[in-house]
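# Residue-level structural notes
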Amino acid sequence: MPDVPQPLADLARRRRDPAFVQTVRSTAAAVLSYLAALWLSDAKVPLLAPLTTLLVVQVTLYATLTRGIRRVNAVVAGVLVAVGFSSLVGLSWWSLGVLILASLTVGHLVRVKEFVPEVAISAMLVLGVSVTRVADTALDRVLETVIGAVVGLLFNVFFVPPVWTQSAGESIEDLGARLRHLLRLIGEELDSHRPVEDAADRLAEARRLDHDVVEVDAALVQAEESMKLNPRVKEGLLSRVVLRTGLDTLEICAVVLRVMARTFTDLARTHKTKHLVTEQEATVLGEVYSHLDGALRAFTVLVTTEVSSQADTAEARLVEELSGAHLARDRLALLLLDRVRRDPEQWQLRGALLAQIDRVLDELSVENRSQRLAEELDRYTREQSPKLARIVQFIPFRSRPSRRRKES
């Protein structure tokens, strides 16, 4: 096949970028909203409708619906406040202050969240016209806002946003790759003298993993929202739970690696002129880290893959790597015990190193992962049961006893 031109290849890659998709979708929805407002309202330049659409249309259908409702509520609340003020006082410096104070207070009361300033903006714009035009201006503003919100919602209904589980999975894979890279760096430096500065650099790199976890969490939140109310998703709950529990496990592993890097830094301070571990200990510890590297790789594939055969292969690989890590860990425990008996200095740091390895092995174990999945699914079911019960109470056509049962 002929080579694909570079601009087309870049465009194909950007199709999976949420920012690129959001830009294209918002532009198209805003233009449609402007055309709809020209057709349905008397405004000559109805810019409020596309502005509302830009604020309403989100990457996910769930966010579009919730933001659209809050936006309309904010505008209606601001208009009502302005209409009430127009019948009582005119526009002056003190009435403007009272208007803004009342509008912001009402915005918090009606729970429009990020659209609280929109309540005050709507009230000021409506009150800024002459008193005879307050009602017409208020109606036009509400109409344009409703048009923009409805167009934005319908745009996401007919052009369903993509599901961002793949981008969230890629973020989790990147986080797992950073963890494995740090683990390899620590393992490669065991058999040589390690200056305190190098150990401090590894500790700083481990601390930077916290920022990576925050970025992955943001991508996962976006993926979770994209699965809500999305007709493309059939097993959204299971996918959300698998990705969320996988990120939780990697986050704990990142914390343990940071503590492990701190342990080696403390050892480096007390062993400035000699090796941190013996040659035999370094060999076994390197073997442990090698198995942990493979276990992390298999774990990230297990929580991000959607193909059953690949998941089964990844799980078998994970079990194999964890088994090898446990065997190497037991040999390391015997070596460290013998070392402490001969040289009890800094025994607590060597014991902490062994405990940190145990913690990572425990977090990556298949049994614990299955238990966490079951607990999360059970928790979600318990949280949803009261909500469903409240909804059923408001259903008007509930079953009633038949006439024959009453007569009997």
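Residues numbered from 1 in each chain as written. Predicted model: local features only at pLDDT ≥ 70, side-chain atom pairs only at ≥ 80, totals over all residues. Heavy atoms only, no water.

### Remarks on the UniProt feature "transmembrane region" (unreviewed entry) in the protein chain
Under the local residue numbering, the UniProt record ascribes the feature "transmembrane region" (unreviewed entry) to residues 23–41, 47–65, 72–95, 115–135 and 142–164. Helix makes up 95% of residues 23–41 and strand 0%, with an end-to-end C-alpha separation of 26 Å. (UniProt positions renumbered as here; feature names shortened; annotations may be inferred. Helix = DSSP H or I, 4+ residues; strand = E, 2+ residues; numbered from the N terminus.)

### Description of the environment of Leu 247
Along the chain, Leu 247 turns up in helix 10 (residues 236–270). Residue Leu 247 is classed as buried on the basis of its relative accessible area, which comes to 1%. Taking the C-alpha atoms as reference points, Leu 247 and Val 303, 56 residues apart in sequence, are found 8.8 Å from one another. Setting aside residues up to four positions removed in sequence, Leu 247 forms contacts with Leu 175, Val 216, Asp 217 and Leu 220. (Buried < 20%, exposed > 50% of the residue type's maximum accessible area, 1.4 Å probe, protein only. Contact = heavy atoms within 4.5 Å.)

### Focus on the packing of helix 8 (residues 165–188) against helix 9 (residues 196–226)
Close contact between helix 8 and helix 9 brings their axes to 8 Å; oriented N to C, the two are set at 170 degrees. When the axis of helix 8 is compared with that of helix 9, the two are roughly antiparallel. From helix 8, Thr 165, Ala 168, Ser 171, Ile 172, Leu 175, Arg 178, Leu 179, His 181, Leu 182 and Leu 185 reach across to helix 9, where they touch Arg 202, Glu 205, Ala 206, Leu 209, Asp 212, Val 213, Val 216, Ala 219, Leu 220 and Ala 223. Grouping the constituent residues of the contact of helix 8 with helix 9 by class yields 13 nonpolar, three polar and four charged. (Axes fitted to C-alpha atoms, helices over the stretch in contact; angles between N-to-C directions. Parallel < 35°, antiparallel > 145°, perpendicular 65-115°, else oblique. Nonpolar A, V, L, I, M, F, W, Y, C, P; charged D, E, K, R; others polar.)

### Considerations on the packing of helix 11 (residues 279–304) against helix 13 (residues 347–364)
Two numbers describe how helix 11 lies on helix 13: the axes approach to 11 Å, and their chain directions differ by 25 degrees. The angle between helix 11 and helix 13 places the two elements in the roughly parallel class. Viewed along their axes, helix 11 and helix 13 form a crossing whose handedness is left-handed. Contact residues: Leu 285, Val 288, Tyr 289, Leu 292, Ala 295, Leu 296 and Phe 299 in helix 11; Leu 353, Ile 357, Val 360, Leu 361 and Leu 364 in helix 13. Broken down by class, the residue content of the contact of helix 11 with helix 13 amounts to 12 nonpolar, no polar and no charged. (Left-handed = near helix turned anticlockwise from the far one by under 90°.)

### Brief notes about the pattern of salt bridges
Using the criterion set out here, one finds 13 salt bridges in the structure. A salt bridge links Glu 205 to Arg 202; its shortest N-O distance comes to 3.9 Å. On the criterion of helical spacing, the pair formed by Glu 205 and Arg 202 is a turn pair, its members being three residues apart in helix 9. In this structure Arg 202 comes out as buried when scored by relative accessible area, which is 15%. Salt-bridge contacts for Glu 321 lead to Arg 317; the nearest nitrogen and oxygen are separated by 2.9 Å. One end of the pair, Glu 321, and the other, Arg 317, are both in helix 12 (residues 308–342), four residues apart, so they sit about a helical turn from each other. Through salt bridges that share partners, Arg 359, Asp 362, Glu 363 and Arg 372 make up one connected network. (Salt bridge = Lys/Arg side-chain N within 4 Å of Asp/Glu carboxyl O.)

### Let's talk about the confidence of the model for the protein chain
Here the protein chain averages 76 in pLDDT, and 78% of its residues register 70 or above. Considering each helix and strand of the protein chain separately, the mean pLDDT is smallest for helix 15 (residues 403–407), with a value of 42, and largest for helix 11, with 87. Contacts of residues 391–408 to residues separated by more than four positions or lying in other chains number three contacts, the stretch itself having pLDDT below 50. (pLDDT = per-residue confidence, 0-100.)

### Description of the nonpolar core
Membership of the largest hydrophobic core comes to 59 residues, with the highest contact counts inside it found for Leu 179, Phe 264, Tyr 289, Leu 292, Leu 318 and Leu 364. Mapped by element, the contributors of at least two residues to this core are helix 8, helix 9, helix 10, helix 11, helix 12, helix 13 and helix 14 (366–393). The biggest single contributor to this core is helix 10, with 13 residues. Beyond its immediate chain neighbours, meaning those up to four positions away, Leu 179 contacts Leu 209, Leu 250, Cys 253, Ala 254, Leu 257 and Leu 296. Judged by nonpolar contacts, the second largest core, of eight residues, contains Val 75, Val 81, Phe 85 and Leu 99. (Core = buried A, V, L, I, M, F, W, Y, C linked by side-chain atoms within 4.5 Å.)

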